[in-house]
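This is what each chain is made of:
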Amino acid sequence: LVFTLTYSNHFHNPFHFDDSHAIENNLYIKDLSYFTQYFTDATTHSSLPTNQAYRPMLTTSFAIDYFLAGNELNPFYFHLSTFIWVIIQGILMYFFFLKVLNLTLKNDANPFVSLFAVAWYLLHTANAETINYISARSDILSTIGVVAGMVIYQYANGWRKHLSLIPMVAGILVKPTAVMFVALLFVYILFFEERKSLFINKRGTFQAWKNAFIKVIPAGIVCFSFFALTQFMKPETWVPGGHSPWDYLMTQPFVLLRYFWTFFIPVNLSADTDWTLVTSITDLRFIAGMVFLIAILIAGFQSSRKETLRPISFGILWFLISLVPSSSIIPLSEVTNDHRMYYPFVGFVLAVVWT
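Scope of this entry: the structure provided in the associated data block. (Residues numbered from 1 in each chain as written. Predicted model: local features only at pLDDT ≥ 70, side-chain atom pairs only at ≥ 80, totals over all residues. Heavy atoms only, no water.)

1. A look at the overall build of the protein chain
In step 1: The secondary structure content of the protein chain amounts to 15 helices and zero strands.
In step 2: At 20 Å, the protein chain has a C-alpha radius of gyration in line with the 20 Å of a compact globule built from 355 residues.
In step 3: Expressed along its principal axes, the backbone C-alpha trace of the protein chain runs to roughly 60 × 50 × 40 Å.
In step 4: Looking at the protein chain residue by residue over its 355 residues, the buried ones come to 52%.
In step 5: In the protein chain, the proportion of contacts linking residues at least 24 apart, taken out of those at least 6 apart, comes to 75%.
In step 6: On the protein chain, roughly 15,800 Å² of surface is accessible, and the fraction owed to carbon and sulfur atoms is 68%.
In step 7: Computed over 21 positive and 20 negative side-chain charges, the separation of the two mean positions in the protein chain equals 19 Å. (Helix = DSSP H or I, 4+ residues; strand = E, 2+ residues; numbered from the N terminus. Rg over C-alpha atoms; globule rule 2.2 N^0.38 Å. Buried < 20%, exposed > 50% of the residue type's maximum accessible area, 1.4 Å probe, protein only. Contact = heavy atoms within 4.5 Å. Areas by Shrake-Rupley, 256 points an atom, 1.4 Å probe, with all protein chains shown as cover. Lys, Arg positive; Asp, Glu negative; His and termini not counted. Charge placed at Lys NZ, Arg CZ, Asp CG, Glu CD.)

2. Remarks on the pattern of salt bridges
In step 1: With the rule as written, the count across this model stands at seven salt bridges.
In step 2: Note that glutamate 193 is salt-bridged to lysine 215, the shortest N-O span being 3.1 Å. Residue glutamate 193 is located in the loop between helix H10 (181-192) and helix H11 (205-233), and its partner lysine 215 is located in helix H11; the two are separated by 22 residues in the primary sequence.
In step 3: Using a relative accessible area of 28% as the deciding quantity, one classes glutamate 193 as partly exposed.
In step 4: Overall, lysine 215 belongs to the partly exposed group, its relative accessible area being 37%.
In step 5: A salt bridge links aspartate 338 to arginine 258, with the nearest nitrogen and oxygen atoms 2.6 Å apart. With aspartate 338 in the loop between helix H14 (310-322) and helix H15 (344-354) and arginine 258 in helix H12 (residues 245-264), this pair connects stretches of sequence that are 80 residues apart. As far as the burial class goes, aspartate 338 and arginine 258 line up, both buried.
In step 6: Ionic contacts of the salt-bridge type, sharing partners, join the residues Glu193, Glu194 and Lys215 into one network. (Salt bridge = Lys/Arg side-chain N within 4 Å of Asp/Glu carboxyl O.)

3. Observations concerning the nonpolar core
In step 1: Phe96, Phe97, Phe314 and Trp318 are the most contacted members of the largest nonpolar core, which totals 98 residues.
In step 2: For phenylalanine 314, the contacting residues outside a window of four places in its chain are Phe96, Met150, Leu184, Val187, Tyr188, Phe191, Phe192 and Leu350. (Core = buried A, V, L, I, M, F, W, Y, C linked by side-chain atoms within 4.5 Å.)

4. Focus on a nonpolar patch on the surface
In step 1: Where nonpolar side chains cluster on the molecular surface, the patch consists of Leu32, Ile64, Phe67, Leu68 and Tyr77 and spans about 450 Å² of accessible area.
In step 2: Examining the composition of the nonpolar patch, we find that three residues originate from one element, helix H4 (residues 56-68), more than from any other.
In step 3: Tracing the chain through its elements places phenylalanine 67 in helix H4. (Patch = residues over 30% accessible without salt bridge, like charges linked within 9 Å, V, L, I, M, F, W, Y side chains within 5 Å.)

5. As for H10
In an α-helix there are 3.6 residues to a turn, and that puts residues three or four apart on one side.
In step 1: Over its twelve residues, H10 runs 16 Å from end to end, which matches the ideal 16 Å to within 8%, given 1.5 Å per residue.
In step 2: Turning to H10, its buried residues number three or more, namely Phe181, Val182, Leu184, Leu185, Phe186, Val187, Tyr188, Ile189, Leu190, Phe191 and Phe192.
In step 3: Contacts from the buried residues of H10 go to helix H5 (75-104), helix H8 (137-155), helix H9 (165-172), H11 and H14. (Expected span 1.5 Å × (residues − 1).)

6. Points about the side chain of threonine 273
In step 1: The residue threonine 273 is located in the loop between H12 and helix H13 (284-303) in this model.
In step 2: Within polar-contact distance, the side chain of threonine 273 engages the backbone oxygen of threonine 336 at 3.2 Å.
In step 3: Threonine 273 has contacts with Arg258, Glu334 and Thr336, leaving out every residue within four places of it along the chain. (Polar contact = N/O pair within 3.5 Å; in protein donor to acceptor, adjacent residues only side chain to side chain.)

7. Examining the packing of aromatic side chains
In step 1: In total, this model carries 37 aromatic pairs according to the counting rule given.
In step 2: For the ring pair phenylalanine 11 and phenylalanine 76, a centre distance of 5.9 Å and an interplane angle of 55° mean the geometry is tilted. Highlighted residues: phenylalanine 11 in the loop between helix H1 (2-6) and helix H2 (19-24) and phenylalanine 76 in helix H5, separated in sequence by 65 residues.
In step 3: With relative accessibility at 12%, the residue phenylalanine 11 sits in the buried group.
In step 4: Note on phenylalanine 76: relative accessible area 27%, which makes it partly exposed.
In step 5: Put simply, the rings of Phe96, Phe97, Tyr153, Tyr188, Phe191, Phe192, Phe314, Trp318 and Tyr343 pair up and form one aromatic cluster.
In step 6: One cation-aromatic arrangement involves lysine 99 over tyrosine 155; the distance from NZ or CZ to the ring centre is 5.1 Å.
In step 7: Arginine 258 extends its terminal NZ or CZ atom over the ring of tryptophan 275, reaching a point 5.8 Å from the ring centre. (Phe/Tyr/Trp six-rings, centres within 6.5 Å; stacked < 30°, edge-to-face > 60°. Lys NZ or Arg CZ within 6 Å of the ring centre and 35° of its normal.)

8. Digging into the packing of H4 against H8
In step 1: Packing of H4 against H8 leaves a shortest axis separation of 10 Å and a crossing angle of 115°. Between H4 and H8, the crossing angle belongs to the class labelled roughly perpendicular. Seen from above, H4 lies across H8 with right-handed handedness. Within the contact between the two elements, H4 uses Leu58, Ser61, Phe62 and Asp65 and H8 uses Arg137, Ser138 and Leu141.
In step 2: Along the lines of polarity and charge, the residues of the contact of H4 with H8 split into three nonpolar, two polar and two charged. (Axes fitted to C-alpha atoms, helices over the stretch in contact; angles between N-to-C directions. Parallel < 35°, antiparallel > 145°, perpendicular 65-115°, else oblique. Left-handed = near helix turned anticlockwise from the far one by under 90°. Nonpolar A, V, L, I, M, F, W, Y, C, P; charged D, E, K, R; others polar.)

9. Some remarks on unusual backbone geometry
In step 1: Located in the positive-phi region is asparagine 71, a residue other than glycine, with phi close to 60°.
In step 2: Assignment of secondary structure puts asparagine 71 in the loop between H4 and H5.

In structure tokens, the structure reads:
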């Protein structure tokens, strides 16, 4: 109810930024007869050649919204669609968190802790851009694919656990960042099924790592097959927009620090930050970023030692793992984007609230 009231005045906000080439000037979303072509031709995703990534499920969602709007570019229907998906994500997150907490420490307060975590996430200021920016729906739908996959895996039994691959694949076909589902699932199995820490030298931990690895093999095969498909289907005109992979990589530890502090103090938010690259290891931004990265990794490893603290470790690792596609060696045009926090904050809010 509070989430609905908070966003009640956003449904008529206009199109912005990438919406121009992905929606407004994209002739392919204006006729659902192109549906099959979305999956065979990446040029249908955008009218701008450099942005023609292979995201068929995202293009499909835009085409459906356009159809429901009466074949008009009415932003209300696009915002309404996104809003409904976010509510669905919130429901999935509740059951996801609740299962993790119950496996960790059974307590009558767990449902309220889970609900509080979901409320914090849905009402977080940093997520407002992703919810308002229609093209950023890619982050929402791909995140839902990951969370839905986790929930199915948690609550299903036997072969039905493999049904978790369906939303995961859908998420990858929205945005390839969903490929990190495999790593997240591995950590989940290690912590909450094998009940072991990240320290391999502990008794039985090596066997637990082996068991977790075997369990994620089917997901890994399917996941990376579809990820390879997204890379194969990208036209030669597509470019990530960045330049030096090394400079981009050196900048990312400070970007991670920015995402971290934004969770607690969401100020200086911008849809177009124009941050510059770090070009030297003597840059104070690099030093501060590396200190933070080392500190949060230590926190993640140390909190995995004790079973009751593993949701903290899991949330920290979710935060770091989910940012690998955008905060590593792939130089994107923008060093940092507010909508990149949407996916990692799912795990991080769990870590913070359980702390």
